[in-house]
Amino acid sequence: MYLFRLVGLAVLSGALTSPLAAQGIPRNARSSTTVNAAPRFMVANPFAFASADSAPAVQIGSAMREGMKGVVGRDFQVVEQTQMNEALKQYGYPVDAILSPALATTLAKNIQARFVVNSTMAKGEGGRYTVTARLVGVSDDAGYVVTLAQKEGEAPQAFGKRLAAALQPAVKSLPDAKACIEQRTTKPDKAAEAAAKAIKALPNHGLAEYCLALLATDKKAPRAEVVKHLQASTKGDPLSLPVWTALATQYQAANDTANTLVAFKEMLRVAPTNQKLRQELFKYFLKAGHPETALEVADQGLKLDPYNADLYDLKSNACLFLSNFKCAVDALETMYATDSTKADTLFFTKISAAAAEGQAPDTAKLLKSARTQADTQKVLAEAAAGGMPDTLRLKKWAQIGVRKYPDNPTLLGYLNKAYSLTGQVDSVISVTNRIMAKDTTAVVPALSAAKSLIDAKRPKEAVPFLDFAIKHGDPQAKENAAALLYTGAAPLLQQPQDLVGASEMLRMAVAAANPTGKVYPAANYLLGLATLFQVPQIDPQAEKQKSCDLARQEETLLAQSDSALNAGRSVNPEAVDKNLGIIKQYKPRIASMLKAYKCNK
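Since we're looking at a predicted model, the values are computed, not measured.

J.: Break down the overall build of the protein for me, with residues and values.
T.: Regarding its fold elements, the protein presents 28 helices and five strands. Residue burial in the protein is summarised as follows: out of 601 residues, 49% are buried. Of the accessible surface of the protein, which amounts to about 29,000 Å², a share of 53% is contributed by carbon and sulfur atoms.

J.: Help me get a handle on helix α8 (residues 223-236), residues and values and all.
T.: Taking 1.5 Å per residue as the helical rise, α8 with its 14 residues ought to reach 20 Å, and the 20 Å between its terminal C-alpha atoms agrees with that figure. Buried within α8 are the following residues: V226, V227, H229, L230, A232, S233, T234 and G236. Close packing links the buried residues of α8 with β5 (143-149), α7 (206-218) and α9 (241-253).

J.: So, the state of the cysteines: which residues are in play, and what are the values?
T.: Counted by the stated rule, this structure contains three disulfides. Here C180 engages in a disulfide with C211; their sulfurs sit 1.9 Å apart. One disulfide, between C180 and C211, carries an S-S torsion of -85° and so falls in the left-handed class. Of the two residues, C180 is situated in helix α5 (residues 168-183) and C211 in helix α7; the sequence distance between them amounts to 31 residues. Neither C180 nor C211 differs from the other in exposure class; each is buried.

J.: Go over the nonpolar core, please, and point to the residues and values.
T.: Of all hydrophobic cores here, the largest spans 142 residues; its most connected members are M267, L268, F285, F347, L447, F465 and L466. Looking at which element gives the most residues to this core, the answer is α7, with nine residues. Apart from the residues lying within four places of it in its own chain, the contact partners of F347 are L332, M335, Y336, K342 and W397. In this structure, A57, V72, F115 and L135 belong to the second largest nonpolar core, which totals 29 residues.

J.: If you had to explain the packing of aromatic side chains to someone new, which residues and values would you point to?
T.: Evaluated as defined, the whole model comprises 14 aromatic pairs. With a centroid separation of 5.2 Å and an interplanar angle of 85°, the aromatic rings of F347 and F348 are classed as edge-to-face. Comparing F347 with F348 shows no difference in burial state: the two are buried. Taken together through their ring pairs, the aromatic side chains of Y336, F347, F348, W397 and Y405 make up a single cluster.

J.: Residue-level account of the side chain of E209, with values.
T.: Its place among the elements puts E209 in helix α7. Of the side chains with opposite charge, K228 lies nearest to the buried E209, which makes no salt bridge, at 7.2 Å. Not counting chain neighbours up to four residues away, the residues in contact with E209 comprise I199, N204, H229, A232 and S233.

J.: Give me unusual backbone geometry: which residues, what numbers.
T.: The linkage connecting Q495 with the following residue, P496, adopts the cis geometry, with an omega of -5°. At N204, a residue that is not glycine, the phi angle is positive and equals roughly 65°. Among the secondary structure elements, N204 is positioned in the loop between α6 (188-201) and α7. Of note in this structure, S323 is not a glycine but carries a positive phi near 60°. Note on placement: S323 falls in the loop between α13 (309-321) and α14 (325-338).

J.: So what about the packing of helix α10 (residues 257-270) against helix α12 (residues 293-304)? Which residues, and what values?
T.: The N-to-C vectors of α10 and α12 enclose an angle of 45°; their axes lie 10 Å apart at closest approach. Taken together, the axis directions place α10 and α12 in an arrangement best described as oblique. For the pair α10 and α12, the sense of crossing is right-handed. Here K265, L268 and R269 of α10 come into contact with α12, specifically with T293, A294, E296, V297 and Q300. Taken together, the residues of the contact of α10 with α12 sort by class into three nonpolar, two polar and three charged.

J.: Before we move on, could you go through the pattern of salt bridges and cite the residues and values that matter?
T.: For the structure shown, the criterion picks out 29 salt bridges. Here K178 ties to D140 by a salt bridge, and the two come within 3.0 Å at their closest N and O atoms. You can see K178 sitting in helix α5 and its partner D140 sitting in the loop between β4 (129-137) and β5, a full 38 residues away along the chain. D140 gets classed as buried once you look at its relative accessible area, which sits at 14%. The residue K587 makes a salt bridge to D562 at a minimum N-O spacing of 3.8 Å. Note that K587 is positioned in helix α28 (residues 573-596) and D562 in helix α27 (residues 548-567), a separation of 25 residues in sequence. You can call D562 partly exposed: its relative accessible area is 23%. A network of salt bridges, in which partner residues are shared, links K326, D330, E333, D390 and R393.

J.: Account for the pairing of strand β3 (residues 115-123), naming residues and giving values.
T.: By the criterion of burial, β3 is predominantly enclosed, with eight of the nine residues buried. Note that strand β1 (residues 40-43) and β3 share three bridges and pair parallel. The residue bridging V43 from the neighbouring strand is V117, located in β3. Both β3 and β4 contribute to a ladder of nine bridges, which runs antiparallel. Counterpart to F115 in the pairing with β4 is G137.

Basis of the calculations
- Residues numbered from 1 in each chain as written.
- Predicted model: local features only at pLDDT ≥ 70, side-chain atom pairs only at ≥ 80, totals over all residues.
- Heavy atoms only, no water.
- Helix = DSSP H or I, 4+ residues; strand = E, 2+ residues; numbered from the N terminus.
- Buried < 20%, exposed > 50% of the residue type's maximum accessible area, 1.4 Å probe, protein only.
- Areas by Shrake-Rupley, 256 points an atom, 1.4 Å probe, with all protein chains shown as cover.
- Expected span 1.5 Å × (residues − 1).
- Contact = heavy atoms within 4.5 Å.
- Disulfide = S-S within 2.5 Å.
- Core = buried A, V, L, I, M, F, W, Y, C linked by side-chain atoms within 4.5 Å.
- Phe/Tyr/Trp six-rings, centres within 6.5 Å; stacked < 30°, edge-to-face > 60°.
- Lys, Arg positive; Asp, Glu negative; His and termini not counted.
- Salt bridge = Lys/Arg side-chain N within 4 Å of Asp/Glu carboxyl O.
- Axes fitted to C-alpha atoms, helices over the stretch in contact; angles between N-to-C directions.
- Parallel < 35°, antiparallel > 145°, perpendicular 65-115°, else oblique.
- Left-handed = near helix turned anticlockwise from the far one by under 90°.
- Nonpolar A, V, L, I, M, F, W, Y, C, P; charged D, E, K, R; others polar.
- Pairing = 2+ DSSP bridges.

Spelled out as structure tokens, the structure:
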């Protein structure tokens, strides 16, 4: 079975208005001024995902269109290929465009056709094509489907004519099926008679059987009768989403889980890219204990049509649903290779997100190869975390996405993460600045950039990003920024020291941290040390220069150290008491210096 979308698309605005000459003249007309009032009937070129199949699709479509003229006779008016091409050009498409069935139906509506033949084709064994053609009214919920395989050595033109001939029973029974729908509410008995007549001419006529199901529902007939007609309708038109939906509803009402699953699978086959439908069905599959069902639908369809980009999209969503992120990336990469025009912002977001999640490690294999206890702990930690990001693919797809959508904040965020994971700190800074310039709430990227700089032992460069996070972030972001400031400042107390730089970062940390949290006392403790350790460095210069400014600086640093150490006492009470003792010893000396240098005058 070959699939196409039944997703709702925006209707092209305005209907085409054709001159009378373009409407066609009926055969054996008595007057040249007589206009053919028969319903318009459009035959679209078969849709194929593989671009190499476009030329054969046009040949098959042209032959179907010509063959259909003999099939419909005077009951319908087949839209000429020249008329279709004029309409296509008006809407910005090239002549003989290969439209998806959904877009072809939209075109049919806009050229005032009442019926359309949509087809899908795929190349099978021996390079021969299989075409699934569906005859349906543009406003009908069901129609009739035929599937034919090209014979060995059969020319595309001959194949197209054979397809048209195969649709003849559906065309002949169409008026009766339509009569059922039109009379259903006003003359239900007449409607049932019309449906029966259509089914007699063509068993399992999709629209006629669906009409009978609706009539049975209207009169509150037993569920079994409704289901019987719906099942028959799916045999005639297995591509009708409304019919499968109605059937699934009946199965659910009867608590028939097995058949509900079957119906839902068929709904996915018919509309693989209907996001709302996918979400609802995926939830049901999970609840029913069959989370793999959607993946099966996609894989089965791809065996028949390996160029179907819509099915790769469905597969990627099924893989994400199953938390199989490598599977999702693989499916999306194949989708891109199949049809890169479908790569929109959602595509790049999905593939970047999946690559960022990564693949769960082969825990058993890694444990077997672990040589130390540390190796074992690392393997178990990675397993608990759910795997590691696929860094190279994340970087690749985030870069491609940002090149195409340079201002998309989500894609910039994923690119930032990729650069962070690969240790490209300067690139992280560049991308983060781009994000922050466009979004003053981009606190997470700012924190991430700061962490990258701190990990690269460039803590002072992280300060502007942390200042941004503190200014625009919520309490948790402020606490995270304070923790990073503490982490970045701590090494500055070691040789080679930067006590002034450490003090500045730690003051920021204390100001941002939650006073009742864990960072606050730790940052205060280090701030006490950073300010105290500056005093022995300044003191000899203050004495040598007899400098009031330096003596006052010592006095200020001691006061700050005293306050910070007391606030951080819980971190290391013994060390705090020892350093408070040192402060106590310095205070008389500082007072003496201020007096001797007459600093108070």
